[in-house]
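Single-letter residue listing:
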There are 2 protein chains.
Amino acid sequence: MHFTSGQRLDDGVLEREFTLGEIPGTLWTPGSTAPAPLILMAHNNGLPKAEPRLVARARHTTAYGYAVASIDAAGCGDRPRSAADEQRRADLRRAIQAGEPVDEIFESVVGPLVEKAVPEWQTTLDTLLALPEIAGPVGYSGWTALGIRLAVAEPRITAAGFFAGGYVPRAQREEARQVTIPLLLLLQWDDEGNPRQRALDLFDAFGTKEKTLHANMGGHTGTPWFELEDGCRFYDRHLK
Amino acid sequence: MHFTSGQRLDDGVLEREFTLGEIPGTLWTPGSTAPAPLILMAHNNGLPKAEPRLVARARHTTAYGYAVASIDAAGCGDRPRSAADEQRRADLRRAIQAGEPVDEIFESVVGPLVEKAVPEWQTTLDTLLALPEIAGPVGYSGWTALGIRLAVAEPRITAAGFFAGGYVPRAQREEARQVTIPLLLLLQWDDEGNPRQRALDLFDAFGTKEKTLHANMGGHTGTPWFELEDGCRFYDRHLK
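Quick caveat: nothing in here was measured; it's all calculated off a predicted structure.

Peer 1: Quick one: what's the story with the overall build of chain A, residue by residue and with numbers?
Peer 2: For chain A, the count of helices and strands is seven helices and nine strands. Dimensions of chain A, computed from C-alpha atoms along their principal axes, come out at roughly 50 × 40 × 30 Å. Classification of the 240 residues of chain A by burial places 41% in the buried group. Sequence separation of at least 24 residues holds for 65% of the intrachain contacts in chain A that already meet a minimum separation of 6.

Encoded structure:
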């Protein structure tokens with residue numbers, strides 16, 4: 001792991017870019033010197049980790065007393081992507097916008113992305129937990145499909161906040177009932193890319209008894225700011 | 001308005017019983033001397049205001065910096081009830097437990113209860129706002145059907161937290177779209193007396209854009225303790 005750059009923000013948060021093999025990542029750590037619990041903040045395949053909304057979320061969560069890490073998945077953000085990848089993504093976006101059935105395209109695009117992302121996040125987790133400024137326990141935040149896979153495969157993750165969840169690959173929909181850690185599912189009621197009923201069905205399917213659903217009005221990017229604080233308090237209940 | 005008894009609790013909260021004409025009520029005020037914003041805490045027809053869960057909720061909310069008031073509706077708690085009232089309630093309980101259709105019985109029991117409760121709560125509100133220890137703005141908490149009616153009829157109420165909402169009389173289901181104040185709807189996912197889909201439909205129907213749904217696992221009385229704190233933060237955003 002190599003830190004390639006870093007800056008100290010006004011509230012004391014240290015924001016550092018790193019590379020881990022071919023994986024580019026960002027690590028945010030709080031100003032205090034005590035080892036902080038870690039939150040893995042993953043985002044869906046279309047966005048770079050440098051997307052301003054994601055960065056704002058990470059910084060706020062860190063100021064709350066957590067170490068937060070994000071990486072770009074293969075084919076996302078700063079990483080090379082093939083023409084075939086680009087084509088499949090364009091097909092998916094066009095089908096969603098046209099209101100066409102997207103399950104098969106979605107499966108072919110996102111299914112493999114989840115599978116490829118899991119070992120990269122596990123390697124990242126191994127490396128981060130070896131740093132003196134980071135302690136367990138570990139939480140997860142963001143991309144629902146990857147979070148389901150990690151929550152089932154990775155016993156070090158003890159609580160997870162999922163966003164959206166309307167479209168989730170078949171394999172993760174099926175293993176949702178194996179998720180037994182505390183969950184907070186965040187749903188935008190009129191999310192243009194995530195059918196509401198599917199998200200409600202997924203919430204129903206999770207195996208854990210300690211699951212909470214928060215739904216707010218508006219589209220995919222309209223989550224109100226107070227949900228960020230609610231999310232931090234959810235982690236406080238389970239990670240501190 | 002006559003205060004008939006009172007006690008100071010360990011955290012400084014003052015808990016006083018009062019009567020207002022034939023209405024028996026309880027008023028909780030915080031230990032601080034500054035006038036506090038008011039929350040009207042109403043409960044469904046079957047419970048007395050002295051029910052321990054309701055009292056615990058009121059005391060906690062008061063310790064958060066609010067004045068909280070509760071009254072027993074006509075035919076509830078300490079107030080006289082007729083044999084016909086008792087019979088209709090018993091019919092309703094039996095029908096719910098037997099899984100029979102309950103809409104008509106429900107309508108005949110709860111519809112008139114809502115209508116009778118509204119002027120009593122308005123009289124209570126007038127009286128409470130004249131007390132020096134209470135200031136506006138005013139929030140509402142609890143019984144969904146009454147809350148819808150009050151939110152539409154009473155411009156002094158500026159934010160409301162509703163519980164359950166599976167069974168709501170026809171008149172209030174229809175006027176839900178006239179509710180334009182910020183709302184927090186609390187739903188128990190397996191509430192034995194409140195069909196989930198109806199509660200979700202009601203959430204969808206509210207006219208306000210500032211509405212949030214919190215759903216948790218378990219039956220009617222299984223709401224997790226942290227929702228009490230989430231509720232206080234919701235009021236903080238709108239009443240302080």
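Peer 1: Which residues make up the relation of the copies chain B and chain A, and what are the values?
Peer 2: Of the two same-sequence chains, chain B is brought onto chain A (RMSD 0.0 Å, axial shift 0.0 Å) by a rotation of 180°. Those values place the two copies in the arrangement expected of a two-fold rotation axis. Looking at the rotation axis and the C-alpha trace of chain B, the residue lying nearest is His214(B), at 2.4 Å. The overlap is high: 100% of the interface residues of chain B also sit at the interface in chain A, so the same surface is used on both sides.

Peer 1: Account for the interface of chain B and chain A, naming residues and giving values.
Peer 2: Between chain B and chain A, the contact holds 11 residues from the first and 11 residues from the second. Contributions of two or more residues to the side of chain B that touches chain A are made by β9 (211-216) and α7 (226-239) of chain B. When residues of the side of chain B that touches chain A are assigned to their parent elements, the largest contribution, six residues, is made by β9(B). Taken together, the residues of the side of chain B that touches chain A break down into four nonpolar, three polar and four charged.

Peer 1: Could you give me a rundown of the pairing of strand β8 (residues 183-188) of chain A, with the residues and numbers involved?
Peer 2: Residues and elements named next belong to chain A. For β8, the buried fraction is high: six of the six residues fall into the buried class. Because side chains alternate across β8, one face comprises the buried residues Leu 183, Leu 185 and Leu 187, and the other comprises Leu 184, Leu 186 and Gln 188, equally buried. The pairing of strand β7 (residues 157-163) with β8 spans four bridges and is parallel. Bridging across to β8, Gly 161 finds its partner in Leu 184. Between the parallel pair β7 and β8, the chain is carried across by helix α5 (residues 170-175), and the sense of this crossover is right-handed. Sheet topology places β8 next to strand β9 (residues 211-216); six bridges connect them, and they run parallel. In the strand pairing of β9, Leu 184 is matched with Thr 212.

Analysis parameters
Residues numbered from 1 in each chain as written. Chains lettered and ligands numbered in written order. Predicted model: local features only at pLDDT ≥ 70, side-chain atom pairs only at ≥ 80, totals over all residues. Helix = DSSP H or I, 4+ residues; strand = E, 2+ residues; numbered from the N terminus. Buried ≥ 20, exposed ≤ 12 C-beta atoms within 10 Å, placed from the backbone. Contact = placed C-beta atoms within 7 Å. Least-squares fit on C-alpha atoms with pLDDT ≥ 70 in both. Nonpolar A, V, L, I, M, F, W, Y, C, P; charged D, E, K, R; others polar. Pairing = 2+ DSSP bridges. Right-handed = clockwise from strand over helix to strand, strands pointing away.

Read these as layout, nothing more, since geometry by itself doesn't imply function.
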